[in-house]
Amino acid sequence: MSLFMLLMAFVFMVISLNFMNFNSSLLVEWDIFSSSSKIFLFNFYMDWMSTLFFSFVALISGSVLYFSGSYMPMNSKFRGFMILVFMFVLSMFFMVFSLNLVSMMLGWDGLGIISYILVVFYNNEKSNSAGMLTVMSNRIGDSALLLSVAYFMEMSSWNYLLLDECLDVMVVSLIIMAAMTKSAQIPFSAWLPAAMAAPTPVSALVHSSTLVTAGVYLLIRFSDLMQDFKILSVLMYLGVLTTLMSSLSALFEPDFKKVVALSTLSQLGIMVMTLCMGFGSLAFIHLLTHAVFKALLFMCSGKVIHSVGDYQDARKMGGEIFNLPITSAIMVLSSYALCGVPFLSGFYSKDLIIEYSLMGDMFFFNYCLYMLIVGLSSSYSFRLLFLSMISFTNQNVSLMSDEEDWVMLVSKFGLLVMSLLSGALLMWVCMSSSNMISLGYMFKWMAFISMLMGVVVGVWICVWNKKGNMFLTNLKFLEIFMIMWNLPMLSGMKFGFSSMSLYLSLVKLDLGWLEVFSGAGFYKLFSSSSLFLGGWNLNNIKNILMIFIISLMFMELVI
């Protein structure tokens, strides 16, 4: 199956280059049935963007499936795991190539359902709670996309690329809501680190090129129809806040896989920020390059975790540069690509994003935020490398690490080549002619200087704590960074408790009103009414005199 995925990656890459060369696209329509004046079509739209994106998805899927053959135990669950991964890629196929919003819902919903099954693969308490948080967060976006489908019915077509009229602000808000939940932007960011309860091959596939990038891809497809809306400026600052929150949380997070997941979250925020500034092609290039080196980083982290007895605490690692030299070298290269080291894949898109943002007419505070984002990405990357590779080992003496598993090494080779070359290749192919960049000498070097300063800060934090000075870890205000600005409490435990309390109170209220307006309530009402009316039928002189006096007073008022 992995060879089939790699063959699909090659085929779709050739088709994408052909579409670029001839500036063409392909629309395939299937007439399902027609009723009176209604025609129900199932259509696929293939252009250079969709085919190139799916070629990267197929490349990563093939590498992950080959990697899973050695990482996952060969038992009865492995075959089901492979089928689920293949269904995940099939859902991605429907989502990428669907021109119709209804058929896109097949892939969109399939991604959410299969990701839930993969997150709860180990079937323990942690994975079950993480899976429930994941699927409930994504259902908000699914409902928003369903409402946007209903709005598109008034526009006489569900084909979003064929619309000539401007979208309504409500439709744009619903599409942005769907993309925010799927790409884990604030305030829906808590599910992404929680989904690390899934097996590492799932994390390498889901959190690099499929589930989390589906929202960004949806925004890229709708970017031409949403450029005139003011809500994009709000979304841009949400992307900046997401990047800042995840970077600060990754700087103090001890869990190895969660640090990599938080780095994914920070890069997703950069993609959303770039897209809202109007650079859709640049955001798409950063999406592809990030998918490659982040999948490679997840696979290397899986090998490191596997070698230390399945511990995910980075403080229990160390010395892996001597035990796993090849894996350590690959992990260092992928981390360098994440930081934006010159002439690696992440450098070309990330440096161009920073330069475009510096050329914009923005506040000075925005420039400081962008430089802080660049520095923090270097800080948490080098902190992770220091704890796992360079520092003295904290492993048990009974553990042994080696590089004898050639299946894991071969599975990383294709992604390693793409991590080194994909940035330059995509720039030459996708952006053959870019806008002129005119910056001063200091502005040109500002991103590189920020990266170096971030490296210094990350190494300083590690050395400070290694010396036994626990000043940084004892500061109370750092706890809010380690728990992602309390977002897990708001979207998970606290929100669930408050919603359950509200539900119980509504149930009590509902039961009370049902009793009032059902048989018991009507019986009490009719009984009291009959007793009241029955009293007037008695031959009581007091009642007769009262009725006579009230009648005289009424006649006097009328006359």
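Thresholds applied
- Note on numbering: residues in each chain are counted from 1, in written sequence order.
- Local features are withheld for residues below a pLDDT of 70 in this predicted model, meaning they are given only at 70 or higher, and side-chain atom pairs are given and counted only at 80 or more; totals for whole chains, interfaces and linings count all residues.
- Water and hydrogen atoms were dropped before computing side-chain values, which therefore reflect all heavy atoms in the structure.
- Here a strand is any run of E in DSSP of at least two residues, a helix any run of H or I of at least four, and the numbering for each starts at the N terminus.
- For each residue, the accessible area found with a 1.4 Å probe, counting protein chains only, is set against the maximum for its type, and the residue is called buried under 20%, exposed over 50%, and partly exposed in between.
- Whenever two N or O atoms come within 3.5 Å, that pair is a polar contact, provided that in protein one can donate a hydrogen and the other can accept it, and provided that, for residues adjacent in sequence, both atoms are side-chain atoms.
- By definition in these notes, contact holds between two residues if any of their heavy atoms fall within 4.5 Å.

Let's talk about unusual backbone geometry
Item 1. In this model, Ile186 is joined to Pro187 through a cis peptide bond whose omega is 10°.
Item 2. When you line up the elements, Pro187 lands in the loop between helix H6 (169-182) and helix H7 (191-194).
Item 3. The phi dihedral of Asn23 falls on the positive side, at around 50°, and the residue is not glycine.
Item 4. Considering the arrangement of structural elements, one finds Asn23 in the loop between helix H1 (2-22) and strand E1 (26-35).
Item 5. In this structure, Phe343 is a non-glycine residue whose phi angle is positive, near 75°.
Item 6. Assignment of secondary structure puts Phe343 in the loop between helix H14 (325-339) and helix H15 (345-359).

What to know about the side chain of Ser377
Item 1. The residue Ser377 is located in helix H16 (residues 364-390) in this model.
Item 2. Judged by relative accessible area, Ser377 falls into the buried class, the value being 2%.
Item 3. At a separation of 3.1 Å, a polar atom in the side chain of Ser377 contacts the side chain of Lys350.
Item 4. Filtering out sequence-adjacent residues up to four positions away, Ser377 remains in contact with Cys339 and Lys350.

Things to note about the environment of Thr264
Item 1. Structurally, Thr264 can be placed in helix H11 (residues 256-276).
Item 2. Taking C-alpha positions, Thr264 is 8.6 Å from Ser246, a pair spaced 18 residues apart along the chain.
Item 3. At a separation of 3.2 Å, a polar atom in the side chain of Thr264 contacts the side chain of Lys294.

Brief notes about the side chain of Asp47
Item 1. With respect to the secondary-structure elements, Asp47 resides in the loop between strand E2 (38-46) and helix H2 (48-71).
Item 2. A polar contact of 2.8 Å, which involves the side chain of Asp47, links it to the side chain of Ser50.

Description of the environment of Leu344
Item 1. With respect to the helices, strands and loops of the structure, Leu344 is situated in the loop between H14 and H15.
Item 2. Residue classification places Leu344 among the buried positions, given a relative accessible area of 11%.
Item 3. For the pair Leu344 and Leu420, spaced 76 residues apart in sequence, the C-alpha separation works out to 5.1 Å.
Item 4. Those residues within four positions of Leu344 in sequence are excluded, and the remaining contacts are Leu333, Tyr336, Ala337, Ser419 and Leu420.

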